Amino acid sequence: MSFKITFIGAGSVGFTRSLFSDLMTVPEFRNIEVSFMDTNSHNLDMVKQLCQRDLDEHSIDIKIHATINRREALKGAKYVVCCMRHGMLEAFDMDVSIPLKYGIDQCVGDTLCAGGIMYGQRGVAEILSICKDIREVSAPGALMLNYANPNAMITWAANKYGGVQTIGLCHGVQGGHRQIAEALGYEKDEVDIICAGLNHQTWYISVKKDGEDLLPKILPAYEANPELSKTEPVRIDVLKNFGYYSTESNGHLSEYLPWYRKRPDELEQWIDLGVWINGETGGYLRVCREGRNWFEDDFPNWMKEPPHTYKSEDRSEEHGSYIIEGLETGRCYRGHFNVMNDGCITNLPQECVIEVPGYADANGISIPHIGELPLGCAAICSQTAWVQRLALEAAVAGDINLLRQSMLMDPLAGAVCTPKEIFQMVDEMLIAQAEWLPQYAEEIPKAEERFNAPGRIPPRDYNGIRVPEKSIDDMRANSEEARKNTSADKAKNRPAAK
């Protein structure tokens, strides 16, 4: 088989190398055309060197084309994998640090809450530009597989306004699936699950083994588990209150809801510092910075190590390669995909992006009908969907009023801040991120005038609950642990809680 696949944001070593290696486990794909694109030419070159070395060591005659020219990379592409972080870690830092000045404490800040909303403002503008290039120079009917966050907003924008069929992909469902199975004493493949909801807020509405309903066993299993009972207090509390387990990690879930991070004096009971994903303030930003610094420092050693293997048993759980394999070979793949709702979940807004079971084969992408979510789960997701829609429409139009409304309606931001505080925070974030927000060009000078006027609200004296960022010397002392921060799933192999 021969087709072209393009990676946008290919300088992300974790995603790009892993996803590309997954593709190479499919024998039929040993003759495809590959293009890597990133705005950071240095990172792009390092990732290309690694992946090309892997290919050459396996005597596969593919020459990776790497470029900072996006249209050149997209020309003729049948599949586009998007794993960009628009604004990179510099903007990500602002997504976390500026809201913290107003008392909004985020563990991640890339999907919802103040950080996720601003990340969406940057990402939506960029994805629409990418979609324009895809429509103009890629193969007719090109499919985009989006890994970029905020996944729902980006996927929604590409489908509604970008004119490009886009499937959003994430590994949260797989991670929770494995965790549930292990908590119940089974292997992951022994337990069948159905998840439905929104990305990072999806619910295990069916958990079975050999036809037996395991849902009633999840809560007692988690409460009895000495590690999970300590590392997943938010997920366990939500499970108690709403009856269903959420796909997302303790730290992520805590920032999507109004109850767990609004009072600094109570935060400690809801997080665990054994690993960042359990709720550390700015935890994901910290490990991303550490991973970037480590990859830069340790890259010469990576080139000396054995290449990635292209064996089926080493294939990751990321959906991307399996979807392309299903579409190209007809081999059926079942996963969980982010798609436009269109009536699939009947008690969520008709127009939103949902995460539900899906199938990929020679017939294309097929999404079964789910029906109603459990009422409490639907209530949580419905509020999120409206925040996402407000943020999406704000990003498309550069509408500061809709942006403010999305922040006001966000569960955690609304629980912590007054309208006046939110309006000032929006102004401050627009000013700080101006270079990535062309759609707000007319609004930013007005924001500067307001922000610099007398009567500015002073920042709160609060820095969250943080873990010190590791230096290069710290990471050299434990290179195996440092390497994990450069993987696609930075929390797959979690150490025991401390």
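Residues numbered from 1 in each chain as written. Predicted model: local features only at pLDDT ≥ 70, side-chain atom pairs only at ≥ 80, totals over all residues. Heavy atoms only, no water.

Trainee: Would you mind showing me how to read the overall build of the protein chain here?
Mentor: From N to C terminus, the protein chain includes 21 helices and 12 strands. In terms of overall dimensions, the protein chain is globule-like: its C-alpha atoms have a radius of gyration of 22 Å, near the 23 Å expected for 498 residues. C-alpha atoms of the protein chain, sized along the principal axes, occupy 65 × 55 × 50 Å. Buried residues in the protein chain amount to 59% of all 498 residues. If you take every contact in the protein chain between residues at least 6 apart in sequence, the share linking residues at least 24 apart comes to 71%. (Helix = DSSP H or I, 4+ residues; strand = E, 2+ residues; numbered from the N terminus. Rg over C-alpha atoms; globule rule 2.2 N^0.38 Å. Buried < 20%, exposed > 50% of the residue type's maximum accessible area, 1.4 Å probe, protein only. Contact = heavy atoms within 4.5 Å.)

Trainee: Can you walk me through the pairing of strand 5 (residues 143-146) in this structure?
Mentor: In summary, the side chains of a regular strand alternate between the two faces of the sheet. Where burial is concerned, the two faces of strand 5 agree: the one with Leu-143 and Leu-145 and the one with Met-144 and Asn-146 are both buried. Bridge analysis of strand 4 (residues 79-82) against strand 5 gives four bridges, and the strand direction is parallel. Looking at the pairing, Val-80 lines up with Met-144 of strand 5. Relative to strand 6 (residues 166-168), strand 5 runs parallel, the two sharing three bridges. Directly across from Asn-146, in strand 6, lies its bridge partner Gly-168. Crossover connection from strand 5 via helix 6 (residues 151-160) to parallel strand 6: handedness right-handed. (Pairing = 2+ DSSP bridges. Right-handed = clockwise from strand over helix to strand, strands pointing away.)

Trainee: Is there a simple way to explain empty space enclosed by the protein in this structure?
Mentor: Summary: where empty space remains is shown by rolling a probe the size of a single water molecule over the atoms. In the structure shown here, the tally under the stated rule is two cavities of 30 Å³ or more. For the largest cavity, the calculated volume is near 50 Å³. Lining the largest cavity are Ile-5, Phe-7, Leu-19, Leu-23, Val-81, Leu-145, Tyr-147, Gly-320, Ser-321 and Ile-324. Put simply, the parts of the chain that give the lining of the largest cavity at least two residues each are strand 1 (4-8), helix 1 (13-24) and helix 14 (319-329). The dominant element in the lining of the largest cavity, judged by the number of residues it contributes, is helix 14, at three residues. Considering only residue class, the lining of the largest cavity consists of eight nonpolar, two polar and no charged. Lining the second largest cavity are Thr-111, Leu-112, Asn-199, His-200, Gln-201, Tyr-256, Thr-384 and Gln-388. (1 Å grid on protein atoms, 1.4 Å probe; cavity = no way out; pocket = protein on both sides within 12 Å on 5 of 7 lines; lining within 4 Å. Points joined across faces, edges and corners; volume = space filled by probe spheres on them. Nonpolar A, V, L, I, M, F, W, Y, C, P; charged D, E, K, R; others polar.)

Trainee: Looking at this structure, I do not really get a negative patch on the surface. What am I missing?
Mentor: Where like charges cluster on the molecular surface, the negative patch consists of Glu-182, Glu-187, Asp-189 and Glu-190. Relative to the helices and strands, Glu-182 is located in helix 7 (residues 172-183). We classify Glu-182 as exposed; its relative accessible area is 54%. (Patch = residues over 30% accessible without salt bridge, like charges linked within 9 Å, V, L, I, M, F, W, Y side chains within 5 Å. Areas by Shrake-Rupley, 256 points an atom, 1.4 Å probe, with all protein chains shown as cover. Salt bridge = Lys/Arg side-chain N within 4 Å of Asp/Glu carboxyl O. Lys, Arg positive; Asp, Glu negative; His and termini not counted. Charge placed at Lys NZ, Arg CZ, Asp CG, Glu CD.)

Trainee: Would you mind showing me how to read the side chain of Asp-105 here?
Mentor: Relative to the helices and strands, Asp-105 resides in the loop between helix 4 (88-101) and helix 5 (113-137). Classification of Asp-105 by relative accessible area gives buried; the value is 0%. Among the polar contacts listed, one links the side chain of Asp-105 to the side chain of Tyr-462, at a separation of 2.5 Å. (Polar contact = N/O pair within 3.5 Å; in protein donor to acceptor, adjacent residues only side chain to side chain.)

What is shown is where atoms sit, not what they do.
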